[in-house]
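The primary structure of each chain is shown beneath.
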Amino acid sequence: MACRPKLHYFNGRGRMESIRWLLAAAGIEFEEKFIESPEDLEKLRNDGSLMFQQVPMVEIDGMKLVQTRAILNYIATKYNLYGKDIKERALIDMYVEGVADLNEMILLFSICPPGEKDAKLALIKERTTKRYFPAFEKVLKSHGQDYLVGNKLSRADIHLVELLYYVEEIDSSLIANFPLLKALEARVSNLPTVKKFLQPGSQRKPPMDEKSLEEAKKIFKFK
Amino acid sequence: MAGKPKLHYFNGRGRMESTRWLLAAAGVEFEEKFIETPEDLENLQHDGSLMFQQVPMVEIDGMKLVQTRAILNYIATKYNLYGKDIKERALIDMYIEGVADLSELILHLVICPPGEKDAKLALIKERTTTRYFPAYEKVLKSHGQDYLVGNKLSRADIHLVELLYYVEEIDSSLIANFPLLKALKARVSNLPTVKKFLQPGSQRKPPMDEKSFEKAKKIFKIK
């Protein structure tokens, strides 16, 4: 009995948001069970649902999958968003891991103490405009196709466009000199499934505010 | 023309060691070009060989692959060490991402300032014995088979056993209460390809000493 995937996480972006984007882009409806207190997390841990005592966890096809990449790899493969062969997968993996590196910096920036924010922000902007954006612009320029790999939508496009939205939130001028990235963002955003996900009322989560950061800190016990 | 894979990195474990282990375990001969000065790294960066200006980079099958996971995924798939289907891959991914998390803690221990070492070491020991080792012992116990997934050697076993060697270097008592992990370590270590790699004179790299640490800092411009 294949029902909808069920996502276990707190009510915020964190490490689950890329999974929400991928499922949504693939047109897959999913449920969410939000962890709202330390007790909710304890309960998941105590009933053996979390292999490493951590979330994200996604119940899908009879499995309780943890580890973001394991979850994303499964979804991408299942819904044919992972290239057509081993070489396309290699390119997709290379691109997706670059996106993950910049994303990680942005994630840590959102939860870092105020005193460290300026330095982190400067590094993010530098890496974005000097390392990551040029790399992806170069790929699109090299083949002139609509998508990063294999002339077909893949998870690489979805993860990258998600990242472009986060970068835009930080500083909308950073994408200025990258016309092909802008075009990719527009193209992917216009796909019916993505367009729907971008509209208010979808399961897409907003940036973390002070209040939800405090709440997450309590649940996950970090300072 | 399929030549041997060529690994570009400095002469040390770092983020390339898991790739060396995987190739060696798969019985694949490989070449290494060591980065010995900041200029060596710049040369690679300037000739466009490094998509994100970073190593590891592996030349394989006409590609210049960067990003450790992209490289490992490619090698594992090519040499049939990634499970037989999507569900086995999901389990393998889940297991290896847990290994990667603990490996990352150990990697950072090597490069962290002396003042922070004690706290980091305590965390590593705690995570090893209360989170990661119990999780893998439980998997092996649950099916009673010789390998983690699908009753067959996969990358999950290779990455885990590599990790077990690093944990042993830190504290050989940590594995004491995990008989199935000990058995897995012995079993995998006895496979002809792995046995050979474990012998002196192989391409396996030793732990970092003060001298090579200073050298790596210079090359990678870490403080």
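Just so it is clear, the structure is predicted and the values come from calculations on it, not from any experiment.

Trainee: I would appreciate a short explanation of the overall build of chain A in the present structure.
Mentor: The number of helices and strands found in chain A is nine helices and four strands. The secondary structure elements of chain A, listed N-terminal to C-terminal, are β-α-β-α-β-β-α-α-α-α-α-α-α. Here the C-alpha atoms of chain A give a radius of gyration of 18 Å, agreeing with the 17 Å that 2.2 N^0.38 yields for 223 residues. The C-alpha extent of chain A, read off along each of the three principal axes, is 50 × 50 × 30 Å.

Trainee: What should I look at first to understand the overall build of chain B in this one?
Mentor: Within chain B, the secondary structure is distributed over nine helices and four strands. When the helices and strands of chain B are placed in sequence order, the string is β-α-β-α-β-β-α-α-α-α-α-α-α. A compact globule built from 223 residues should have a C-alpha radius of gyration of about 17 Å, and chain B, at 18 Å, falls within 12% of that. Dimensions of chain B, computed from the C-alpha atoms along their principal axes, are close to 50 × 50 × 30 Å. The buried share of chain B, taken over its 223 residues, is 46%. A fraction of 65% describes how many contacts in chain B between residues 6 or more apart in sequence connect residues 24 or more apart. About 10,800 Å² of surface is accessible on chain B, with carbon and sulfur atoms providing 53% of the total.

Trainee: Even after reading the chapter, I still don't get the UniProt feature "domain: GST C-terminal" (unreviewed entry) in chain A, so can you show me in this structure?
Mentor: Cross-referencing UniProt, the feature "domain: GST C-terminal" (unreviewed entry) maps to residues 85-208 of chain A in the present numbering. Between the C-alpha atoms that bound residues 85-208 of chain A the distance is 38 Å, and the span itself is 73% helix and 0% strand.

Trainee: Sorry if this is basic, but what is going on with the UniProt feature "domain: GST C-terminal" (unreviewed entry) in chain B here?
Mentor: This chain's UniProt record puts "domain: GST C-terminal" (unreviewed entry) on residues 85-208 of chain B. For residues 85-208 of chain B, the helix share is 73%, the strand share is 0%, and the end-to-end C-alpha distance is 38 Å.

Trainee: Please explain the packing of aromatic side chains as it appears in this structure.
Mentor: To describe a pair of aromatic rings, you give the distance between the ring centres and the angle between the ring planes. Applying the stated criterion to the full structure yields 14 aromatic pairs over all chains. With a centroid separation of 4.9 Å and 40° between ring planes, the pair formed by Y9(A) and F10(A) is classed as tilted. According to the relative accessible area criterion, F10(A) is buried, its value standing at 7%. Each ring, one from F52(A) and one from Y132(B), has its centre 5.4 Å from the other, and the planes form 40°; the classification is tilted. Placement of the pair is F52(A) in the loop between α2 (38-46) and β3 (57-60) and Y132(B) in helix α5 (residues 114-143), with the two residues belonging to separate chains. By relative accessible area, which is 3% here, Y132(B) ends up buried. Among the aromatic residues, those joined into a cluster by ring pairs are F52(A), Y95(B), Y132(B) and Y136(B). Sitting over the ring of Y82(A), R155(A) keeps its end group 4.8 Å from the ring centre. For the cation-ring pair, K185(B) lies above Y165(B), with the distance from its terminal atom to the ring centre recorded as 4.2 Å.

Reading the values: rules and limits
- Residues numbered from 1 in each chain as written.
- Chains lettered and ligands numbered in written order.
- Predicted model: local features only at pLDDT ≥ 70, side-chain atom pairs only at ≥ 80, totals over all residues.
- Heavy atoms only, no water.
- Helix = DSSP H or I, 4+ residues; strand = E, 2+ residues; numbered from the N terminus.
- Rg over C-alpha atoms; globule rule 2.2 N^0.38 Å.
- Buried < 20%, exposed > 50% of the residue type's maximum accessible area, 1.4 Å probe, protein only.
- Contact = heavy atoms within 4.5 Å.
- Areas by Shrake-Rupley, 256 points an atom, 1.4 Å probe, with all protein chains shown as cover.
- UniProt positions renumbered as here; feature names shortened; annotations may be inferred.
- Phe/Tyr/Trp six-rings, centres within 6.5 Å; stacked < 30°, edge-to-face > 60°.
- Lys NZ or Arg CZ within 6 Å of the ring centre and 35° of its normal.

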